[in-house]
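Examination of the molecular architecture
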Amino acid sequence: MSELLMRLGWTSVQSAVLVALVWGVCRLLPQLPSATRCRLWWLVAAQAVLGLFWSSPLELAVLPAPVAVIAPTAPVTALPAFDAAVQAAPVIHAASAAETATMAVSWPSLLLALWAAGVLLMLVHSLRGYRASRALVRGATECTDAGLQQALQLAAEAHGLRRAPRLKLSAQIRSPQLIGPWRPVLLLPARELPAMSADDLDMALTHELIHLQRRDLWWGLLPALSQHLFFFHPLVHLAAREYALAREEACDGAVVAGHDHCRHDYGRLLVQLGVAPRPAVGVASASPNLRSLKRRLLTLQQTRSFPRVAALAITALFVVIGVAPLRLVAAPPPPAPPAPTAPNVPTPPTPLPARAPVPAPGPMPAPEPPAAPAAPVAPRAPEPPKDLDDGMSFVTHGKLNIRQQPAQAFVLMGQDDNFVDASVADLKQARRDAGGDEPALWVRRGQARYLIRDPAVLSQLSRSQSDVAALGNAQAELGNRQAAIGQQLAQVSMQVTADALAAVDVAAVVNRATRQTGLDAAAEANQAAREARTAAAKAVDARQITLVAREQAELGREQARLAQQQSLASARAVREVRTAIDQALASGKAQRLRD
């Protein structure tokens, strides 16, 4: 919820800046082609939609104040630290009914509900316009004039269209209209058509076919979507209107450039068509209002050309600097100076160990049995620092920086475990500032320290903290199970080795019996050896080893999956804590601590 509101806010700001830039370029360069202005205003709509749905905006480090850096965090094992009072910390009590009601209607929820309601109203309005356009198409009659149909087909082929749109006549319109991006239908006014000359009809049809050739009905869906999503942003609506007007001016310029008639005749046709409302899912030759009609007539009078390379360069510049979602963040702090190194002290040479005496020649000793494979060791977390306060152990999740101190830090002290993004010094300072055994959120911004004890804020963050802790405990339990299975696998391997050594001893007995007592004793010894080998084969249960190894591999995959879930949960929890900190600082719920 907070992330969506943040995206709406940042995208609104960037859209306002981009609208100002495009408007300034269009004012400074009045001879800029209408097609280029159409593309620039379309890029404004593209930036608005991308900014809302792009999950990872590009960060620009230009702000002086530090901003939180969100990073996935890993669980840290039990830290022997702090006083024993934290173990007996009481559970965060549930909020009262009044507090719960206040949290349920908090301002982020209210803003998000208002935004969703506005988008829904815009969607209902667009659906009504779409139904009205389809009703207008259904009420029109098919054109039976074969000459007009043939002229439309020839004009469509001249503009590179595979097939001409359907041609219908409607008594409810006063100017030609092209409706529908999927199955376009060209509507002609049934009442004004007999009074139009052949040249005027040719120019009107050419205007609509150029719309179809440029795929304006498809490209226009994105500005319409931006208007729906940012219904509250007047500059986004301005960009959509300017895009529609520049699109009509671009088609007017194409008609005049590729037509045998002069600009005066086409301007007279625009005045004759007059003003008519624009269809919901289409375009019309007539202007939607008098202001747009005046601008179209003034644009026809411009005859100076603009360099094509310069127009492409301006478009590419706005694509590079304006479309990608941006977010302003603080510059990273300067690196800390390196610590002074101690002078090199030569170390005394290590005396060589005494050599063992060489044994006298004699019979070779029996080879020692092979050692059993070592049991796999469960993954160990980094060792906790030893300079913390003595007296207790507790579990800490998050990102604990042992060597460096980040520009910002927080310590969320809960009942049995903590969630941190801080250094060891911050961890010690948080316990000293908290003082008691009540849950609290300790914050450091630069050199300023704050303490947040508001129950609503802590209760809001307790769920994310519990999720991270539960995933960490599940990982620890899987590690213990892996260690137990490893020990079981080692015991089975040792038993297999012992059985193999027993078979070797029996074979040695058979050899000695053969040399000493003759064939009868050798036969008995061979029988004993076969029985011993049979017993050893029964003892070797390869299937058990396979099953144990398979179970261990399955636990490894499960642990990897839990690690990924914990990484995502930790990143989400860090974002929620950062957002809660910003809200608490803005609302005055954070207590400033003094040294």
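Calculation rules
- Residues numbered from 1 in each chain as written.
- Predicted model: local features only at pLDDT ≥ 70, side-chain atom pairs only at ≥ 80, totals over all residues.
- Heavy atoms only, no water.
- Helix = DSSP H or I, 4+ residues; strand = E, 2+ residues; numbered from the N terminus.
- Contact = heavy atoms within 4.5 Å.
- Areas by Shrake-Rupley, 256 points an atom, 1.4 Å probe, with all protein chains shown as cover.
- Buried < 20%, exposed > 50% of the residue type's maximum accessible area, 1.4 Å probe, protein only.
- Pairing = 2+ DSSP bridges.
- Patch = residues over 30% accessible without salt bridge, like charges linked within 9 Å, V, L, I, M, F, W, Y side chains within 5 Å.
- Salt bridge = Lys/Arg side-chain N within 4 Å of Asp/Glu carboxyl O.
- Lys, Arg positive; Asp, Glu negative; His and termini not counted.
- Charge placed at Lys NZ, Arg CZ, Asp CG, Glu CD.
- Core = buried A, V, L, I, M, F, W, Y, C linked by side-chain atoms within 4.5 Å.
- Phe/Tyr/Trp six-rings, centres within 6.5 Å; stacked < 30°, edge-to-face > 60°.
- Axes fitted to C-alpha atoms, helices over the stretch in contact; angles between N-to-C directions.
- Parallel < 35°, antiparallel > 145°, perpendicular 65-115°, else oblique.
- Left-handed = near helix turned anticlockwise from the far one by under 90°.
- Nonpolar A, V, L, I, M, F, W, Y, C, P; charged D, E, K, R; others polar.
- Polar contact = N/O pair within 3.5 Å; in protein donor to acceptor, adjacent residues only side chain to side chain.

1. Thoughts on the overall build of the chain
- Tallying secondary structure elements over the chain gives 15 helices and 14 strands in all.
- Counting contacts in the chain only where the partners sit at least 6 residues apart, residues at least 24 apart contribute 75% of the total.
- Approximately 34600 Å² of the chain is accessible, and the part contributed by carbon and sulfur atoms is 61%.

2. Brief notes about the pairing of strand β4 (residues 166-170)
- For β4, a buried count of four out of five residues is recorded, marking the element as mostly surrounded by other parts of the structure.
- Direction of pairing for β4 relative to strand β6 (residues 185-189): parallel, over a ladder of five bridges. Paired with Lys168 across the strands is Leu187, a residue of β6.

3. So, a positive patch on the surface
- Residues Arg162, Arg163, Arg183 and Arg215 make up a contiguous surface patch of positive charge.
- With respect to the helices, strands and loops of the structure, Arg162 is situated in the loop between α5 (146-158) and β4.

4. Examining the environment of Cys251
- Checked against the element boundaries, Cys251 lands in helix α9 (residues 234-257).
- Taking the relative accessible area as the measure of exposure, Cys251 reaches 0% and is therefore buried.
- The spacing of Cys251 and Ala35 is 216 residues in sequence and 8.4 Å in space, taken between C-alpha atoms.
- Contact partners of Cys251, with chain neighbours within four places excluded, come to His207, Ile210, His211, Arg214 and Asp216.

5. Some words on the nonpolar core
- Counting 32 residues, the largest nonpolar core has Leu148, Leu167, Leu188, Leu205, Tyr266 and Leu269 as the members making the most contacts within it.
- Every element with two or more residues in this core is listed here: α5, β4, β6, α6 (198-213), α9, α10 (263-273) and α11 (290-300).
- Take this core: its biggest share by element is six residues, from α6.
- In this view, Leu269 contacts Met196, Asp200, Met203 and Ala204; residues no more than four positions away in its chain are not counted.
- Listed in part, the 25 residues of the second largest apolar core include Phe419, Leu461, Ala573 and Ile581.

6. Remarks on the packing of aromatic side chains
- Going through the model one piece at a time under the given rule, you end up with four aromatic pairs.
- Seen from their ring centres, Trp182 and Trp218 are 5.7 Å apart, and the 75° between their planes marks the pair as edge-to-face. Of this pair, Trp182 sits in the loop between β5 (177-179) and β6 while Trp218 sits in helix α7 (residues 216-219); the two residues are 36 residues apart in sequence, bridging distant segments of the chain.
- The exposure class of Trp218 is partly exposed, given its relative accessible area of 41%.
- Taking 5.8 Å as the distance between ring centres and 50° as the angle between the ring planes, the aromatic pair formed by Phe230 and Phe232 counts as tilted.
- Residue classification places Phe230 among the buried residues on the basis of a relative accessible area of 0%.

7. Things to note about helix α8 (residues 221-229)
- Looking at α8, one finds that the buried residues are Pro223, Ser226, His228 and Leu229.
- Where α8 is buried, its residues contact α2 (34-53), α4 (107-139), α7 and α9.

8. Details of the packing of helix α1 (residues 2-28) against α9
- Orientation of α1 relative to α9, taken along the N-to-C sense of each, is 40°, at an axis distance of 9 Å. Judged by the inter-axis angle, α1 sits oblique to α9. When you trace α1 past α9, the crossing you get is left-handed. Where α1 abuts α9, its residues Ser15, Ala16 and Val19 lie against Leu235, Val236, Leu238 and Ala239.
- Residues belonging to the contact of α1 with α9 are distributed by class as follows: six nonpolar, one polar and no charged.

9. Structural notes on the packing of α1 against α2
- Remark: α1 packs on α2, axes separated minimally by 8 Å, with the N-to-C direction vectors making an angle of 170°. Between α1 and α2, the interaxial angle falls into the category roughly antiparallel. Of α2, the residues touching α1 (which contributes Leu4, Arg7, Leu8, Thr11, Gln14, Ser15, Leu18, Val19, Val22, Trp23 and Cys26) are Arg37, Leu40, Trp41, Leu43, Val44, Gln47, Ala48, Gly51, Leu52 and Phe53.
- Residues that form the contact of α1 with α2 fall into these classes: 14 nonpolar, five polar and two charged.

10. Overview of the sheet that holds strand β7 (residues 282-284)
- Spatially, five strands are ordered β3-β4-β6-β5-β7 in an open sheet, and the strand pairing comes out mixed. A strand with exactly one partner marks an edge of an open sheet, and here the two such strands are β3 (141-142) and β7.
- Here β5 runs beside β6; their pairing, made up of three bridges, is antiparallel. Among the inter-strand pairings, Leu178 is bridged to a residue of β6, identified as Leu186.
- Packed onto the sheet, α6 meets β5, β6 and β7 and runs at close to 25° relative to β5.

11. Structural notes on the side chain of Thr206
- Mapping Thr206 onto the fold places it in helix α6.
- Looking at Thr206, the relative accessible area reads 10%, which means it is buried.
- Within polar-contact distance, the side chain of Thr206 engages the backbone oxygen of Asp202 at 2.7 Å.

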